[in-house]
Amino acid sequence: VRVKILYGALFEKELPVLSKISSESYFRIEEKNSTPHTSDIYFLKLNRFLNDSTIAGSQLMTHDVFWNETDELFSLRLRFQQKKSLTQFALATERNYIRERSARMRIQLDKEISNQTEFINTTNTLSANVSSNLVRNISGNALSSDFSYRPQQQFEFGFKMEIAQNNNAQIIVADMNTQEMRFTFSFEDKGQLRLELHREEVQFNKINIDFPFELTNGRLQGKTFLWKVMCDYRIAEYLQTTFSYDGRKEGTRETVQTARAELRATF
């Protein structure tokens, strides 16, 4: 179920101050259940969901409130998102709870410069009925700011900074910072060239520790460098070429590089 409300259209005369406010709510329920009372599932009796008879199930809800949602000069979004899930495996039953509370601001600083700044507070917990190294109780905050500079229609330069801190059960603390640079050039009616460079750094309050994947979103301890080149170009009406090159240097690991090229002809 998705519900979109434009308050200005509903209360334009009574409350004109609401003309800039809108909201969107989204609900999604999935349930695979072995209960013999199938009507409990088909009639959406939610108190019978995510219980001992659940094979796999999840309940997701998202609420967004916007100020000037479609305004290119300034807009604001407040979000609350929550997901509950349960999965029964052969040897264990896992319950997961994820919550996000965030605020995002978009502003056009100049005709050529725009910015998007976002603050996110997250909670990610997982419990199991048996001992498991997947069990976690993660909470954290992240702040990011993304600047975009477009001097001409075919050129775009971008720079993004992010700082974040996550902790697992108030025992393991991960401090993270990320910087990203990107450049995009568009070939008129032909294709696009995109260059990206990322630097990521993760530091822990302890050394030689095991930590869940979700604590750092898969990042390794230390510094990581990522770079990417992508190009799509249409040589002729029925001839298209694609090229991509990716590289990464994670901590003390060796550099990994991957390149792909494709020429496609349509007859």
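Preceding this paragraph is the structure being described.
Not measured: the values here are computed from a predicted model.

Enquirer: I'm lost on the overall build of the protein in this one. Help?
Expert: Helix and strand counts for the protein come out as 3 helices and 13 strands. Rg of the C-alpha trace for the protein: 24 Å, well past the compact-globule value of 18 Å for 267 residues, more than 25% over. Dimensions of the protein, computed from the C-alpha atoms along their principal axes, are close to 65 × 60 × 50 Å. Out of the 267 residues in the protein, the part that is buried amounts to 28%. If you take every contact in the protein between residues at least 6 apart in sequence, the share linking residues at least 24 apart comes to 46%.

Enquirer: Would you take a moment to explain the packing of aromatic side chains for this structure?
Expert: Within a pair of aromatic rings, the relevant descriptors are the distance that separates the centres and the angle that separates the planes. Within the structure shown, the criterion is met by 7 aromatic pairs. Ring geometry for tyrosine 149 against phenylalanine 157: centres 6.2 Å apart, planes inclined by 25 degrees, an arrangement best described as stacked. In this structure tyrosine 149 comes out as partly exposed when scored by relative accessible area, which is 35%. Geometrically, the ring pair formed by phenylalanine 157 and phenylalanine 183 is tilted, given 5.0 Å between the ring centres and 40 degrees between the ring planes.

Enquirer: Honestly, the layout of surface pockets in this entry has me stumped. Any pointers?
Expert: In this approach the atoms are scanned with a rolling probe the size of a water molecule, which exposes any empty space left behind. Each pocket or cavity is described by its volume, and for the largest pocket that value is around 410 Å³. Forming the boundary of the largest pocket are 17 residues, of which Ile107, Gln108, Ser114, Asn115 and Ser148 lie nearest the centre. Elements with a contribution of two residues or more to the lining of the largest pocket: β5 (93-108), β6 (113-128) and β7 (136-149). Residue composition of the lining of the largest pocket, grouped by class: 2 nonpolar, 6 polar and 9 charged. Its volume calculated, the second largest pocket comes out at about 350 Å³.

Enquirer: Could you clarify how one ought to interpret unusual backbone geometry in this entry?
Expert: Note: most residues except glycine have negative phi, and most peptide bonds are trans. At leucine 44, a residue that is not glycine, the phi angle is positive and equals roughly 55 degrees. By the element assignment, leucine 44 lies in the loop between α2 (39-42) and β3 (54-67). We classify leucine 44 as exposed; its relative accessible area is 52%. Non-glycine residue leucine 50 carries a positive phi angle of around 50 degrees.

Enquirer: Help me out: how do you make sense of the pairing of strand β8 (residues 155-168) in this one?
Expert: In the case of a regular strand, side chains alternate between the two sheet surfaces. Bridge count between β7 and β8: 12 bridges; the pairing is antiparallel. Directly across from phenylalanine 147, in β8, lies its bridge partner phenylalanine 159. Hairpin connection of β7 to β8: 5 residues between the antiparallel strands. Sheet topology places β8 next to strand β9 (residues 172-187); 14 bridges connect them, and they run antiparallel. The residue bridging lysine 160 from the neighbouring strand is glutamate 180, located in β9. If you look at the hairpin formed by β8 and β9, you'll find 3 residues sitting between the two strands, and alanine 169 has a positive phi there, around 60 degrees.

Enquirer: Just checking my understanding: could you explain the environment of leucine 220 for this structure?
Expert: Of note, leucine 220 is situated in the loop between α3 (213-216) and β11 (222-236). Relative accessible area serves as the criterion here: at 24%, leucine 220 is assigned to the partly exposed category. Expressed as a C-alpha distance, the spacing of leucine 220 and threonine 252, which sit 32 residues apart in the sequence, is 9.9 Å. Once you skip the residues sitting within four places of it in the chain, leucine 220 turns out to touch Val202, Glu250 and Arg253.

Parameters and conventions
- Residues numbered from 1 in each chain as written.
- Predicted model: local features only at pLDDT ≥ 70, side-chain atom pairs only at ≥ 80, totals over all residues.
- Heavy atoms only, no water.
- Helix = DSSP H or I, 4+ residues; strand = E, 2+ residues; numbered from the N terminus.
- Rg over C-alpha atoms; globule rule 2.2 N^0.38 Å.
- Buried < 20%, exposed > 50% of the residue type's maximum accessible area, 1.4 Å probe, protein only.
- Contact = heavy atoms within 4.5 Å.
- Phe/Tyr/Trp six-rings, centres within 6.5 Å; stacked < 30°, edge-to-face > 60°.
- 1 Å grid on protein atoms, 1.4 Å probe; cavity = no way out; pocket = protein on both sides within 12 Å on 5 of 7 lines; lining within 4 Å.
- Points joined across faces, edges and corners; volume = space filled by probe spheres on them.
- Nonpolar A, V, L, I, M, F, W, Y, C, P; charged D, E, K, R; others polar.
- Pairing = 2+ DSSP bridges.

This is a description of form; function is not addressed.
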